[in-house]
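Residue strings, one per chain:
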Amino acid sequence: MMPEEFDRAKARAFTQLMVRHLEGAAVALMLEVGRRVGLFEAMAPMGAATSEEIAEKTGLSERYVREWLAAMVCGGVVEYAAAERTYRLPREHATALTGSSMRNLTSMVEMFPLLNRVIPDVADAFRTGRGVPYSAYQPDFTGLMDRRSRPRYDELLFTAYLAKPEGLMARLESGIRVADVGCGTGHCIVLMARRFPKSSFVGYDLSESGIASARAAAVGLGNASFVVRDVAELETSTPFDLVTAFDAIHDQADPAGVLRRIRAALEPGGTFLMLDVWASSELAENISAPMASYLYAMSTMHCMSVSLAAGGPGLGTAWGHQTAMRMLREAGFADVQLFERVDPANSLYVARRGA
Ligand SMILES: C[S@@+](CC[C@H](N)C(=O)[O-])C[C@H]1O[C@@H](n2cnc3c(N)ncnc32)[C@H](O)[C@@H]1O
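Residues numbered from 1 in each chain as written. Predicted model: local features only at pLDDT ≥ 70, side-chain atom pairs only at ≥ 80, totals over all residues. Heavy atoms only, no water.

This part takes up the pairing of strand β7 (residues 266–277). Among the twelve residues in β7, nine count as buried, and that is most of the element. When strand β6 (residues 240–246) meets β7, the two strands line up parallel, connected through six bridges. Bridged to Phe 246 within β7 is Leu 275. Handedness of the crossover joining β6 and β7 through helix α13 (residues 255–264) is recorded here as right-handed. Alignment of β7 against strand β9 (residues 346–352), held across seven bridges, turns out to be antiparallel. By the bridge assignment, Asp 276 is partnered in β9 with Ser 347. (Buried < 20%, exposed > 50% of the residue type's maximum accessible area, 1.4 Å probe, protein only. Helix = DSSP H or I, 4+ residues; strand = E, 2+ residues; numbered from the N terminus. Pairing = 2+ DSSP bridges. Right-handed = clockwise from strand over helix to strand, strands pointing away.)

On to helix α1 (residues 8–36), then. Taking 1.5 Å per residue as the helical rise, α1 with its 29 residues ought to reach 42 Å, and the 42 Å between its terminal C-alpha atoms agrees with that figure. Every buried residue of α1 is listed here: Val 27, Ala 28, Leu 31, Glu 32 and Gly 34. Measuring from the side-chain oxygen of the N-cap residue of α1 to the backbone nitrogen of Ala 9 gives 3.1 Å; that N-cap residue is Asp 7. (Expected span 1.5 Å × (residues − 1). Polar contact = N/O pair within 3.5 Å; in protein donor to acceptor, adjacent residues only side chain to side chain.)

Here the focus is the site of the ligand. Close to the ligand lie 15 residues, the nearest being Ser 149, Tyr 153, Gly 182, Asp 205 and Asp 230. In this structure, a nitrogen atom belonging to the ligand sits 3.2 Å away from a main-chain N or O atom of Leu 206. Here a nitrogen atom of the ligand and a backbone polar atom of Val 231 are 2.9 Å apart. In isolation the ligand exposes 600 Å². Once the protein is present, 93% of that is buried. Sorting elements by how many residues they give to the shell around the ligand places helix α9 (residues 140–162) first, with three residues. (Near = heavy atom within 4 Å. Areas by Shrake-Rupley, 256 points an atom, 1.4 Å probe, with all protein chains shown as cover.)

For the rest of this paragraph, the subject is a nonpolar patch on the surface. Residues Phe 14, Leu 17, Met 18 and Leu 22 make up a contiguous nonpolar surface patch of roughly 370 Å² in combined accessible area. On the secondary structure map, Phe 14 appears in helix α1. (Patch = residues over 30% accessible without salt bridge, like charges linked within 9 Å, V, L, I, M, F, W, Y side chains within 5 Å. Salt bridge = Lys/Arg side-chain N within 4 Å of Asp/Glu carboxyl O.)

Quick look at the packing of α1 against helix α4 (residues 62–74) now. Contact pair α1 / α4: the axes reach a minimum separation of 10 Å and the direction vectors enclose 135°. Of the possible angle classes, the one that applies to α1 and α4 is oblique. α1 and α4 meet at a crossing whose hand is left-handed. Contact residues: α1 offers Val 27, Met 30, Leu 31 and Gly 34, while α4 offers Trp 68, Ala 71 and Met 72. (Axes fitted to C-alpha atoms, helices over the stretch in contact; angles between N-to-C directions. Parallel < 35°, antiparallel > 145°, perpendicular 65-115°, else oblique. Left-handed = near helix turned anticlockwise from the far one by under 90°. Contact = heavy atoms within 4.5 Å.)

On the secondary structure map, Ala 11 appears in helix α1. On the accessibility criterion, Ala 11 (27% relative accessible area) is partly exposed. Taking the C-alpha atoms as reference points, Ala 11 and Met 291, separated by 280 residues in sequence, lie 24 Å from one another.

As summarised here, the arrangement of the seven strands in space is β5-β4-β3-β6-β7-β9-β8, forming an open sheet in which the pairing is mixed. At either end of the open sheet lies a strand with only one pairing partner, and these are β5 (224–228) and β8 (335–339). Neighbouring strand axes in the sheet, compared pairwise and without regard to direction, differ in orientation by 15° on average. With four bridges joining them, strand β3 (residues 177–181) and β6 adopt parallel strand pairing. The residue of β6 that forms the bridge with Ala 179 is Val 243. Packing of helix α11 (residues 187–195) onto the sheet brings it into contact with β3, β4 (200–205), β5 and β6, and relative to β4 it is tilted by some 180°.

What follows is the structure, given as structure tokens:
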């Protein structure tokens, strides 16, 4: 066989791509430092300001602030007026870096230090294939997931998720029994319990700290309760009319078993509403999707790993709609609808128990 010719242009193009990846990683590092010390929130209302003014406002060391600003300017985050030596965080950029709306992307940057911490465990798992247990990500993971998903639920739970299945909002108004599996800190339950006082809600999660936060958040809500429970063992004497799972199925140790348990816990005709990451099950169809490399990285560093650690199949974050639809049908759900990209990152599956 002839050795393949070395394509110099291809090598140059790849080096440039590597440089962009390295720049992105460096900017991400600086974004996280800036977020932690409150620089974005401080700069957003300031307009053009010198490094001394920004340091004074934040009470931070000017030398550090100036070096950080240089990284932010070169990364296209902050604008620099060389003549005046002033820095400005444009309003259009501040939207993605500050505030409590889901447009603030810094909680996604916050994920990196947590995942950096488990690099040795993940590297070890590459050798053994045994995964990395949930406990390796605690105590930070539950709170971080909460910070990441809370703004999305505040903005979209009623308008984009619960509004999709026909008639569901009206049934919630009139009073039904609801369970949320993998409820984390219980924010969705709290939102629903407040809005639908005639319905009753129970949240299940493995995480004791998540359930403790959920109980604290639900004080005074008589229609919400929380249980530390492995949902692979979900059982109920009074079946539910609705079961929800927000971003909680693909990293299960036994996703097929959990789906069967959920179906069995529903009333005949009951609804299972599953929000999960938008992806195709086919890598080729994800390559050009936004954030696809982020998805596979999150999967390797967390979602796939926690499932494998518990002896599961390690479906991965990008298990995709083909696999999800098949597994829902295999679990016995009669009628499964897919609403793709109900938000920028997720799809919604609405599955009925059938008779
Ligand atoms: C990615 S987090 C999502 C949490 C929350 N639903 C949200 O959207 O913010 C997945 C949650 O599922 C929980 N979980 C994973 N496997 C579980 C199981 N077998 N039983 C109960 N909870 C589980 C985890 O503890 C975690 O809180």
